[in-house]
Amino acid sequence: MIPSMQLTASQLYSLSKKALSQNEIKKAVDSCRILNTEFPDFFEGWWLAGCIHLRLNKPEAGLISTARALSLKPNAANVLIQRIECLSLLGRQKDVRENLLLLAAQKFDSAALHEKVAMMLSAEQMHNEATEHYISALAHEPNNALLHYNLAAAYRFIGDLEKCEDCLAACLALNKFDAEAQGMRSSLRRQSIKSNHIEELLEAYSDPNIEDQAKSGICYALSKEYDDLGDTKKSFKYLKSGSDIRRNAMSYDVSADEKIIEHIRHTFDKSYFLRDAPSHESSEPIFIIGLPRTGTTLLERILDGHSKVTSAGELDIFGLEVTAFSSEKCCVKSISAIDLIQLSRELDVSSLALRYLKKARPINIEGSHFIDKLPFNFLYAGLIHSAMPNAKIINLTRHPLAACLAIYKQQFRDIYPFSYSLSDLGRYYVAYDRLMRHWHSVMPGVIHSIAYENLVDNTEKEIKKVLEFCNLNWESECLKFYENKAPSTTASATQVRQPVYKTSVDQWRNYALHLDELSAILVKAGLDVS
């Protein structure tokens with residue numbers, strides 16, 4: 001029993017805050033309730049209530065406590081941050097952005113607070129606003145290498161590559177082992193004999209104090225720069241070295257992914273699509289699927305130039321909703337991938353579509369369609385069509401060796417574990433190809449396939465086909481995608497600022513001598529690699 005009559009507001013606040021820090025939740029709740037009952041005008045009490053509500057995952061209650069706090073101190077930054085977290089948990093993205101704009105308009109005395117706000121803005125694709133807060137954070141902490149890197153990333157997303165390179169130089173002057181900064185700087189432009197960073201990269205690579213993770217990243221940067229200079233032998237040497245470091249640090253087994261994809265094929269057979277199940281009539285989504293580095297971002301940017309289309313970027317929402325909905329149906333929080341596939345076959349796909357659309361539909365949608373460009377939605381193509389038969393699905397393809405090498409050359413962050421070994425890549429590509437053939441077989445005419453090689457060779461012709469498939473009229477603005485100022489957060493963020501180029505189509509042939517193992521895997525599976 002807390003003797004509330006003997007405690008001041010500050011004492012009750014300290015008591016509750018300490019209890020919360022020690023995970024004594026009941027004590028924290030009780031003392032905070034007394035605090036806000038007896039001292040309803042004590043601002044910190046309502047802020048603390050917001051902390052408790054977030055800890056207990058009660059966002060609705062959090063909105064009430066934050067509203068009370070804001071009535072005492074309008075636009076208080078620490079409370080707006082709480083409120084945004086609550087709104088985000090509730091999927092109220094429009095309200096999230098409105099509150100973020102209130103935050104973005106403020107100035108703080110803390111680098112950490114500016115950085116926190118900048119990261120929240122970036123998460124909502126508000127990169128222009130984020131740059132201002134990173135700049136403000138750096139005014140407080142000019143020697144913070146991470147802040148320089150994050151500002152560089154924001155500039156890259158919005159296409160200001162000159163400022164991006166300046167920020168990366170500042171970051172690397174403080175920490176030459178920042179492999180992500182080294183890799184980003186190498187990717188910003190084509191390096192030349194007169195202007196490159198190879199000497200600096202080799203110095204970092206040879207430093208005895210470098211850690212393996214950083215060394216791997218430096219290898220990718222060296223590979224890219226040697227490739228730009230036409231030295232494929234050294235380029236592949238460092239590429240393989242960097243990839244091997246990453247692969248050796250993993251416990252990944254590609255056979256597990258092969259089994260998952262095979263189970264999807266068997267679960268979503270022809271009989272599944274003969275069922276008379278209610279679906280959602282929405283034709284808003286345009287799904288762009290495939291493997292990474294196959295032109296999905298290029299197509300996204302082209303279609304985003306159409307007046308009736310808005311890109312929502314790479315959304316993981318459909319897969320997450322499949323997982324959450326299936327878990328709810330079997331009343332467990334954690335289920336195996338194989339069980340999840342089986343459970344997803346029995347989902348109410350109309351409800352699944354509603355759940356997806358509620359979270360995926362952009363709040364700033366101006367036309368009649370939005371793009372969901374997560375390549376790995378190819379795994380869910382059957383469920384997507386079943387749930388939303390009027391949605392459009394477009395699959396990007398590429399020469400198998402070109403696709404695999406492009407993926408192998410890209411250092412991804414914590415995704416695509418199959419991308420660090422050419423043998424893993426070959427096996428995964430075969431599994432992907434089999435699944436796509438299956439979808440075409442059981443859903444004839446549903447998925448429009450477009451080859452990257454054709455897209456760059458005759459862009460207008462191929463885009464007209466895509467627009468016809470999507471029931472959209474031709475608009476010439478689509479071809480001016482490189483003038484699109486919208487942010488791009490994919491690995492192709494630099495390339496999409498340029499007109500279509502064809503130099504990467506046959507680049508894999510320069511590395512043919514190194515691709516024998518990969519080629520053998522693909523040929524054995526019946527794929528044409530000529």
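The following paragraphs examine the structure supplied in this document. All values derive from a computational prediction rather than experimental measurement. Note on numbering: residues in each chain are counted from 1, in written sequence order. A pLDDT threshold of at least 70 governs which residues receive local features in this predicted model, and a stricter bar of 80 or more applies before side-chain atom pairs are shown or counted, although totals over entire chains, interfaces and linings include all residues. Think of the side-chain values as coming from all heavy atoms in the structure, minus any hydrogens and water.

1. With respect to the overall build of the chain
- Strands here are runs of E lasting at least two residues and helices are runs of H or I lasting at least four, both read from the DSSP assignment and numbered beginning at the N terminus. Secondary structure summary: the chain contains 25 helices and five strands in total.
- The C-alpha atoms of the chain give a radius of gyration of 26 Å, which matches the 24 Å a tight globule of 530 residues would have.
- Principal axes of the C-alpha set define a box for the chain whose edges measure 85 × 65 × 45 Å.
- For the chain, with 530 residues in total, the buried portion stands at 51%.
- Considering only contacts within the chain whose residues lie at least 6 apart along the sequence, 70% involve residues at least 24 apart.
- In short, Shrake-Rupley with a 1.4 Å probe defines the accessible areas, and a residue's cover is counted only from the protein chains shown. Looking at the chain as shown, the accessible area adds up to about 24,900 Å², and 50% of this sits on carbon and sulfur atoms.
- Mean positive and mean negative side-chain charge positions of the chain (61 and 66 charges, respectively) differ by 2 Å. Between the two quantities, the radius of gyration covers C-alpha atoms and the globule rule is 2.2 Å times the number of residues to the power 0.38. Partly exposed describes any residue whose relative accessible area lies between the buried limit of under 20% and the exposed limit of over 50%, with all areas from a 1.4 Å probe on protein chains only and scaled to the type maximum. Pairs of residues are marked as contacts when any of their non-hydrogen atoms sit within 4.5 Å. His is not counted, nor are the chain ends; Lys and Arg add positive charge and Asp and Glu add negative charge. A single reference atom marks each charge: NZ on Lys, CZ on Arg, CG on Asp, CD on Glu.

2. Quick notes on the packing of aromatic side chains
- Note on ring pairs: Phe, Tyr and Trp rings are taken, using the six-membered ring of Trp, and paired if centres are within 6.5 Å. Classes follow the plane angle, with under 30 degrees stacked, over 60 edge-to-face and the rest tilted. Considering all chains together, one arrives at 23 aromatic pairs under this definition.
- Geometrically, the ring pair formed by Phe318 and Tyr356 is edge-to-face, given 5.5 Å between the ring centres and 65 degrees between the ring planes. Within this pair, whereas Phe318 is found in helix H17 (residues 317–330), its partner Tyr356 is found in helix H19 (residues 349–360), the two being separated by 38 residues in sequence. Here the two residues Phe318 and Tyr356 agree in accessibility, since each one is buried.
- Every member of this aromatic cluster is reached through a ring pair, and the members are Phe376, Phe378, Phe412, Tyr416, Phe418, Tyr428, Tyr429 and Tyr432.
- Both a distance and an angle decide whether a charge sits over a ring: NZ of Lys or CZ of Arg must be within 6 Å of the ring centre and within 35 degrees of the ring normal. The residue whose ring lies beneath Lys215 is Tyr205, and the NZ or CZ to ring-centre distance is 4.7 Å.
- Seen from the ring of Trp474, Lys464 lies directly overhead, with NZ or CZ sitting 5.2 Å from the centre.

3. Some remarks on the nonpolar core
- Counting residues in hydrophobic clusters, the biggest one holds 69 residues, and the most contacted among them are Tyr356, Phe378, Met388, Tyr428 and Trp439.
- It is helix H22 (residues 422–442) that contributes the most residues to this core, eleven residues altogether. Residues belong to a common nonpolar core when they are buried Ala, Val, Leu, Ile, Met, Phe, Trp, Tyr or Cys residues joined through side-chain atoms within 4.5 Å.

4. Here we look at the sheet that holds strand S2 (residues 309–311)
- Pairing between two strands is assigned when DSSP locates at least 2 bridges connecting them. Taking strand neighbours across the sheet as the criterion, the five strands line up as S2-S3-S1-S4-S5 in an open arrangement whose pairing is parallel. Only two strands of the sheet have a single neighbouring strand rather than two, namely S2 and strand S5 (447–451). Going across the sheet, the axis of each strand differs from the next one's by a mean of 25 degrees, ignoring polarity.
- Alignment of strand S4 (residues 392–397) against S5, held across five bridges, turns out to be parallel. Within the sheet, the bridge partner assigned to Ile394 lies in S5 and is His448. Geometry is summarised by axes, namely lines fitted to C-alpha atoms with helices restricted to the contacting stretch, and by angles between N-to-C directions that run from 0 to 180 degrees.

5. Details of the side chain of Arg247
- Within the secondary structure, Arg247 is located in helix H14 (residues 232–248).
- Its relative accessible area of 17% is what places Arg247 among the buried residues.
- Ignoring any residue separated from it by four or fewer positions in sequence, one finds Arg247 in contact with Tyr252, Tyr420, Ser421 and Asp424.

6. What to know about unusual backbone geometry
- Here the phi dihedral of Asn23 falls at roughly 60 degrees; this positive angle occurs in a residue that is not glycine.
- Secondary-structure assignment places Asn23 in the loop between helix H1 (9–21) and helix H2 (25–38).
- Positive phi, normally seen in glycine, also occurs at Tyr416, with a value near 55 degrees.
- Along the polypeptide, Tyr416 turns up in the loop between helix H21 (400–408) and H22.

7. Describing the pattern of salt bridges
- Put simply, a salt bridge is a Lys or Arg side-chain nitrogen that is within 4 Å of an Asp or Glu carboxyl oxygen. All chains considered together, the criterion is met by 29 salt bridges.
- Here Glu262 ties to Arg265 by a salt bridge, and the two come within 2.7 Å at their closest N and O atoms. In this pair, Glu262 and Arg265 are both assigned in helix H15 (residues 254–267), three residues apart and thus about one turn of the helix distant.
- Look at Arg265 and you get partly exposed, because its relative accessible area is 23%.
- Note that Lys359 is salt-bridged to Glu321, the shortest N-O span being 2.8 Å. Here Glu321 lies in helix H17 and Lys359 lies in helix H19, a separation of 38 residues in the sequence.
- Judged by relative accessible area, which is 44%, Lys359 ranks as partly exposed.
- The network of salt bridges with shared partners includes Glu321, Glu328, Arg355 and Lys359.

8. A word on the environment of Asp528
- Relative to the helices and strands, Asp528 resides in the segment after helix H25 (516–524).
- Leave out the neighbours within four places in its chain, and Asp528 touches His399 and Pro400.

9. Here we look at the state of the cysteines
- Any cysteine sulfur atom paired with another within 2.5 Å is treated as part of a disulfide. The final tally for this structure, using the stated rule, is zero disulfides.
- No disulfide involves Cys171; its sulfur sits 9.3 Å from that of Cys167, the nearest cysteine.
- What makes Cys171 buried here is its relative accessible area of 0%.
- As a non-bridged cysteine, Cys478 has Cys470 as the owner of its nearest cysteine sulfur, 10 Å distant.

10. A few points about H14
- How far a helix is expected to stretch is found by multiplying one less than its residue total by 1.5 Å. Compared with an ideal rise of 1.5 Å per residue, which puts 17 residues at 24 Å, H14 spans 24 Å between its outermost C-alpha atoms and is within 8% of the ideal.
- The complete set of buried residues in H14 reads Ser235, Phe236, Tyr238, Leu239, Gly242, Ser243, Arg246 and Arg247.
- Structurally, H14 contributes buried residues whose contacts are with helix H12 (198–206), helix H13 (212–228), H21 and H22.

11. Topic: the packing of H21 against H25
- Two elements in contact, H21 and H25, have axes separated by 11 Å at closest approach and are oriented at 135 degrees. Taken together, the axis directions place H21 and H25 in an arrangement best described as oblique. As for the relative orientation of H21 and H25, their crossing is right-handed in sense. Between H21, through Pro400, Leu401 and Cys404, and H25, the contact on the second element is made entirely by Leu518, Ser519 and Leu522. Should an angle fall under 35 degrees it is taken as roughly parallel, and over 145 as roughly antiparallel, whereas 65 to 115 is taken as roughly perpendicular and any remaining angle as oblique. Crossing handedness is read from the near helix: turned anticlockwise from the far helix by less than a right angle, it gives a left-handed crossing, and turned clockwise, a right-handed one.

12. Regarding the side chain of Asp207
- Along the chain, Asp207 turns up in the loop between H12 and H13.
- Judged by relative accessible area, which is 15%, Asp207 ranks as buried.
- Here Asn209 takes part through its backbone nitrogen, which lies 2.8 Å from a polar atom of the side chain of Asp207.
- Ignoring sequence-local partners within four residues, the contact set of Asp207 consists of Lys176 and Phe177. Under this definition, polar contacts are N or O atom pairs within 3.5 Å; protein pairs additionally need one hydrogen-donor-capable and one acceptor-capable atom, and for neighbouring residues in sequence, both atoms have to be side-chain atoms.

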